[in-house]
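Take a look at the letters that make up each chain.
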Amino acid sequence: MKYVAALCLLIFLQGNAFGKEPIIIYLAGDSTIARKLPEKRPETGWGEALQSFFKEGKVKVENLAQNGRSTKTFIAENRWQDLVGRLKKGDYVFIEFGHNDGAKEKTDRYTPPAEYRNNLLRFVSDVRNKKAIPVLLTPVMRRRFDAQGVFYDTHGEYPEIVRRVASEQKVALIDMHRKSEIVLKQYGPEDSRRLFLQLKPGENANYPNGVDDNTHFSPFGAEKMASLAVEGIREQRLGLAKYLK
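Parameters and conventions
- Residues numbered from 1 in each chain as written.
- Predicted model: local features only at pLDDT ≥ 70, side-chain atom pairs only at ≥ 80, totals over all residues.
- Heavy atoms only, no water.
- Phe/Tyr/Trp six-rings, centres within 6.5 Å; stacked < 30°, edge-to-face > 60°.
- Helix = DSSP H or I, 4+ residues; strand = E, 2+ residues; numbered from the N terminus.
- Buried < 20%, exposed > 50% of the residue type's maximum accessible area, 1.4 Å probe, protein only.
- Core = buried A, V, L, I, M, F, W, Y, C linked by side-chain atoms within 4.5 Å.
- Contact = heavy atoms within 4.5 Å.
- Expected span 1.5 Å × (residues − 1).
- Bend = angle between axes of the 7 residues up to and from the residue.
- Patch = residues over 30% accessible without salt bridge, like charges linked within 9 Å, V, L, I, M, F, W, Y side chains within 5 Å.
- Areas by Shrake-Rupley, 256 points an atom, 1.4 Å probe, with all protein chains shown as cover.
- Salt bridge = Lys/Arg side-chain N within 4 Å of Asp/Glu carboxyl O.
- Lys, Arg positive; Asp, Glu negative; His and termini not counted.
- Charge placed at Lys NZ, Arg CZ, Asp CG, Glu CD.
- Polar contact = N/O pair within 3.5 Å; in protein donor to acceptor, adjacent residues only side chain to side chain.

Enquirer: Summarise the packing of aromatic side chains; cite the residues concerned and give the values.
Expert: What the rule picks out here adds up to seven aromatic pairs. Seen from their ring centres, F74 and F97 are 5.2 Å apart, and the 65 degrees between their planes marks the pair as edge-to-face. One end of the pair, F74, is in helix α3 (residues 71-76); the other, F97, is in the loop between β3 (92-96) and α5 (113-129), and 23 residues separate them in sequence. Relative accessible area serves as the criterion here: at 1%, F74 is assigned to the buried category. A residue is classified by how much of its surface remains accessible, and F97, at 1% relative accessible area, is buried. Ring plane angle 70 degrees and centroid distance 5.5 Å describe the contact between F145 and F151, whose orientation is recorded as edge-to-face.

Okay, here's the thing in structure tokens:
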């Protein structure tokens, strides 16, 4: 009888081990990360490409990023609260905002620097209170080159606020801002078009008149940006690194 009970326990434990749920990475952010609707393809958020870098069954990416959102609207629409409600111990939350927070002309989403900082502090605190792991990411660069072919940034002080919060709160930081700048400069003014949603008239049925988008990514660009996030995972020595391919 004891032998049977012990055998049953062993089978149960083995079953649990083999059936262990994957670690979840929740993505909170804007259109540069978010999933795209069929009518927007080939536009691709870099968050869509992240799953492919992990070993099968070990990590699951839950992309909760949404087009046009800032830290302000992500909270106001209860998207952040919904994310936090899903968290369990050991989950990760990758947080990348900034594109829309700094848009002063769009008053619904504009988030002044001080408020942006406070929102980031709230995000970090909420995640840690759930025994999950926050990871802060600076916003990816837009494709911007002047008439002389010199690259320039459009994000103002927002990336540096992320860096300071990460340092003060001892949060892992993946500096997508600096990493993507290096990539855009490497590709240069013309070749960098490949990274973004750039189509000629008649090239794609979703964009019959063509499109010249220097913010949102092509599938190739999304995969490249996701690879920068993966590079950051390794550099920060996150526990997730052991599950990378």
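From this point on, the discussion continues.
Enquirer: Please provide a residue-by-residue account of the nonpolar core, values included.
Expert: If you look at the biggest cluster of nonpolar residues, it comprises 39 residues, and the most contacted ones within it are W46, F54, F94, M176 and M225. Those elements that place two or more of their residues in this core are β1 (23-29), α2 (46-49), β2 (59-63), β3, β4 (133-137), β5 (172-174), α7 (176-191) and α8 (219-235). If you tally residues by element for this core, the top one is α8, at seven residues. If we ignore the near neighbours within four places in the chain, the residues touching F94 are I25, Y26, L27, A28, V135, L137, I174, I233, L238 and L240. Ranked by size, the runner-up nonpolar core spans 28 residues in total, among them F74, V84, V93 and F97.

Enquirer: Provide a residue-level description of α7, including the pertinent values.
Expert: Taking 1.5 Å per residue, 16 residues should reach 22 Å; α7 reaches only 20 Å between its end C-alpha atoms and comes up short. The sharpest bend along α7 measures roughly 55 degrees and falls at K185, with the proline P189 sitting one to four residues further on. Of the residues making up α7, those classed as buried are M176, H177, K179, S180, V183, L184 and G188.

Enquirer: So what about a positive patch on the surface? Which residues, and what values?
Expert: Taken together, the side chains of K20, K55, K58 and K242 define a basic patch exposed on the protein surface. Along the polypeptide, K58 turns up in the loop between α2 and β2.

Enquirer: How would you explain the side chain of R109 if you had to name every residue and give the values?
Expert: Assignment of secondary structure puts R109 in the loop between β3 and α5. Residue classification places R109 among the buried residues on the basis of a relative accessible area of 17%. Of note is the side chain of R109, whose polar atom sits 3.5 Å from the backbone oxygen of G68. Once residues within four sequence positions are removed from consideration, R109 is found in contact with G68, S70, K72, T73, N100 and D101.

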